[in-house]
Amino acid sequence: MKNEKFTILTSTCVPLPLENVDTDQIIPARFLKATTKDGFGDNLFRDWRYDKQGNQIGSFVLNDPTYSGQILVAGKNFGSGSSREHAAWAIAGYGFRVVISSFFADIFKNNALNNFVLPIVVSEPFLASLFNCISKNPETKVEVNLADQTVINTALGVSEHFEINPYKKHCLMNGLDDIDFLLSNKDKIEAWETENQQF
Amino acid sequence: MNTLFDKIWDAHLVTKVENGPTQLYIDRLYCHEVTSPQAFSGLKARGLKPLRPEKIFCMPDHNTPTHDQDKEIEDEISRTQVNTLAQNAKEFGLTHFGMLHPKNGIIHVVGPENGLTLPGMTIVCGDSHTSTHGALGSVAFGIGTSEVEMVLASQCILQSKPKTMRITVNGRLDKGVTAKDVALYIIAKMTTGGATGYFVEYAGDVIRSMSMEGRLTLCNLSIEMGARGGMIAPDEITFDYLKGREFAPKESEWDTAMAFWKTLKSDDDALFDKEILFNGNDIQPMITYGTNPGMGMGITEKIPTLESIPEVGRISYSKSLEYMGYQPGELLIGKKIDYVFLGSCTNGRIEDFRAFASLVKGKKKDPSVIAWIVPGSWHVNNQLKEEGIDKILIEAGFAIRQPGCSACLAMNDDKVPAGKYAVSTSNRNFEGRQGPGARTLLASPLVAAAAALTGKITDPRTCM
Ligand code: SF4
């Protein structure tokens, strides 16, 4: 996923109309033991997706072939809980490039952006009608235009503007990385240190 | 006109990206074994080294077993993570408090107790409860692994400045009401997303008279209402706590530091983006009944009815209570519990053990209860011995385990079985947090002690 440029994405959606989905649900703590970033997608929503014997739970949306796509549509306050980036890796690793919700936890939002997953905040009515369209027709497509910062429910032709930090937008659109930027300011880091010696 | 948060933030500004975030200098980076390996491997892949190794402190805590720490860790993946941290620290010359090191323990307990966390600092760690360190008057917040890599590489982080909120708690606390209850009360009122986007400063009489341990507990839980962090302006309690700690400034440096630390408070006319006021007299011992820390209530109260919940939230609410095996509208007092956990970065400090011991002294643990008593660090463990608290606990039927995160997130063997109830002094009651299917009731060390004695949810004020 990393460093892939993001411009326009049109995709069907996977609906998860639950509120307060926390990072422990996104990726249970027992899967945090890896030392690389690979393979987390397989355990995304593990305990909702599989039973104790490791069999798929048919009723969970990721196991329902009716729904697929690169966009996850989730209820309010998605990604609350821990700062662990593993949640973002799991979402990215599964193949989602966009998560739409009416509210995201702060750290999750940042982590998602750092992993080239775009979190989009939409209004409650937009979200509710999107869930409604998807449940009526799983083929419902959403178009995300990062340059224009718009998200369109193509079933209804309604669109909404979404906010994104201009710097993150620039990074996402160009597949750029923060560390290159920070290190390009090394002279400024050293200048700060010379002036501030207290610790 | 400036808030304490603004002052510290502005003092650490290296540069600002046009139309973008701030490049902020970081005084301390704490690393544990779970969220750092990918940052180190990313760093290596870029051919970089940590820019300021002397500002980085590493210790394993999440995976460490709470018994037989002198033996190899049985679980292969846990062992790999713990060993990977040790290797990375060695390779890059970073301070590392490995397992059984006298300074090992949970990072958020170890940092303050060794004077590594100081007022006025910026502190980050790949862990959301980094907010704990704000109790000493620092700007401390949790970050993701990509950000850990950033700090390793540049000792800086890119952040957009959060808004500021002041939560003032005036009045005074009744007997049996602790910092944990204050925190759970605030979160219940604010809800788990109520402080999202904000950095919180706690103020008011109740906070001023709180011990350092209590303040650490309160700031620790800031993240559970979505805040970026929480902080408390340093005062005499802070300075007394720090004096003589190993990494705290000494002699003339102490005086210089004190002169600076005393300037660390919000100006009288400082403007916060949001002000919230609570009365400490309204708070009673708290307990959670659901699956997020905002689902808390006074221990003698009834679980809210479905009708009292806004319609949009009812499905999640019912799902949550179903998971817990509770009915809307019922009392929790008197309900059977199976496990008690005293520990974690929320309540694993000496004062928490003193509180727990004060209740169980001369009594016996209910035989049906399995109790995990886990000091937050070796330092706390030694204090238990020095104060004779270990004996009190042992006589009451409790065994003291070796330090670490333990049952807080059950990455080691300390897991609560499916369907069982645990009264836990930790910070999260999410589904499966303490083991698949485990049911967690968050509460203070006093409530935990009362439950351990009776095997039931019990108002600690009736045992005092
Ligand atoms: S004690 Fe719990 S909350 Fe604290 S650092 Fe460890 S796992 Fe995280």
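Values in this document were obtained by computation on a predicted structure and should not be read as measured data. (Residues numbered from 1 in each chain as written. Chains lettered and ligands numbered in written order. Predicted model: local features only at pLDDT ≥ 70, side-chain atom pairs only at ≥ 80, totals over all residues. Heavy atoms only, no water.)

**Brief notes about helix α3 (residues 76–92) of chain B**
Residues and elements named next belong to chain B. Here α3 is 17 residues long and its end C-alpha atoms lie 24 Å apart, about the 24 Å a rise of 1.5 Å per residue gives. Where α3 is concerned, the buried positions are Ser78, Gln81, Val82, Thr84, Leu85, Asn88, Ala89 and Phe92. End-on view of α3: buried residues confined to an arc of 155 degrees, all on one side of the axis. α3 presents Glu76, Gln87 and Lys90 as exposed residues on the side facing more than 90 degrees away from its buried surface. Where α3 begins, the side chain of Asp75 points an oxygen toward the backbone nitrogen of Ile77, at a separation of 3.2 Å. Where α3 terminates, the next one or two residues include Gly93, which has phi positive at roughly 65 degrees. (Helix = DSSP H or I, 4+ residues; strand = E, 2+ residues; numbered from the N terminus. Expected span 1.5 Å × (residues − 1). Buried < 20%, exposed > 50% of the residue type's maximum accessible area, 1.4 Å probe, protein only. Arc of directions from axis to C-beta. Polar contact = N/O pair within 3.5 Å; in protein donor to acceptor, adjacent residues only side chain to side chain.)

**Focus: the domain arrangement of chain B**
Residues and elements named next belong to chain B. Taken as a whole, chain B is organised into domain 1 (4–160), domain 2 (163–235 + 266–282) and domain 3 (288–462). Relative to domain 3, the C-alpha centre of domain 1 lies at a distance of 28 Å. Of the residues lining the interface, 25 residues belong to domain 1; the matching set on domain 3 comes to 22 residues. Both faces considered, domain 1 and domain 3 share a buried interface measuring about 1900 Å² in area, 55% of it formed by carbon and sulfur atoms. On inspection of domain 1 and its partner domain 3, the count reaches zero salt bridges. Between domain 1 and domain 3 we count 14 residue pairs in polar contact (both at pLDDT 80 or more) in total. Breaking the side of domain 1 that touches domain 3 down by element, the ones donating at least two residues are α3 and α4 (107–113). Counting residues per element, the side of domain 1 that touches domain 3 draws most heavily on α4, at four residues. (Domains from an automatic or database assignment. Contact = heavy atoms within 4.5 Å. Buried area = accessible area lost by both parts, 1.4 Å probe. Salt bridge = Lys/Arg side-chain N within 4 Å of Asp/Glu carboxyl O.)

**A look at the pattern of salt bridges**
Residue and element names in this part refer to chain B. Summed over all chains, the structure comprises 23 salt bridges over all chains. Across the salt bridge formed by Glu275 and Arg166, the nearest N and O atoms sit 2.8 Å from each other. Of this pair, Glu275 sits in strand β12 (residues 274–279) while Arg166 is found in strand β9 (residues 163–170), placing the two residues 109 residues apart along the sequence. Residue class for Glu275 comes out partly exposed when judged on its relative accessible area of 45%. Here Asp235 ties to Arg215 by a salt bridge, and the two come within 2.8 Å at their closest N and O atoms.

**Some thoughts on the site of the ligand**
Residues and elements named next belong to chain B. In the vicinity of the ligand, the contacting residues are His62, Ile106, His108, Asp127, His129, Ser344, Cys345, Cys405, Cys408, Leu409, Asn427 and Arg433. Partitioned by chemical class, the residues of the shell around the ligand number five nonpolar, five polar and two charged. When we break the shell around the ligand down by domain, the ones giving at least three residues each are domain 1 (4–160) and domain 3 (288–462). (Near = heavy atom within 4 Å. Nonpolar A, V, L, I, M, F, W, Y, C, P; charged D, E, K, R; others polar.)

**Details of the interface of chain B and chain A**
On the chain A side, the residues contacting the 70 residues of chain B number 53 residues. Buried surface at the junction of chain B and chain A, summed over both partners, amounts to about 4900 Å²; 59% is from carbon and sulfur atoms. Of all residues in chain B, the largest losses of buried area upon contact with chain A belong to Gln38(B), Arg46(B) and Ser146(B), amounting jointly to 11% of the total for that side. Summed over the shared surface of chain B and chain A, the result is three salt bridges.

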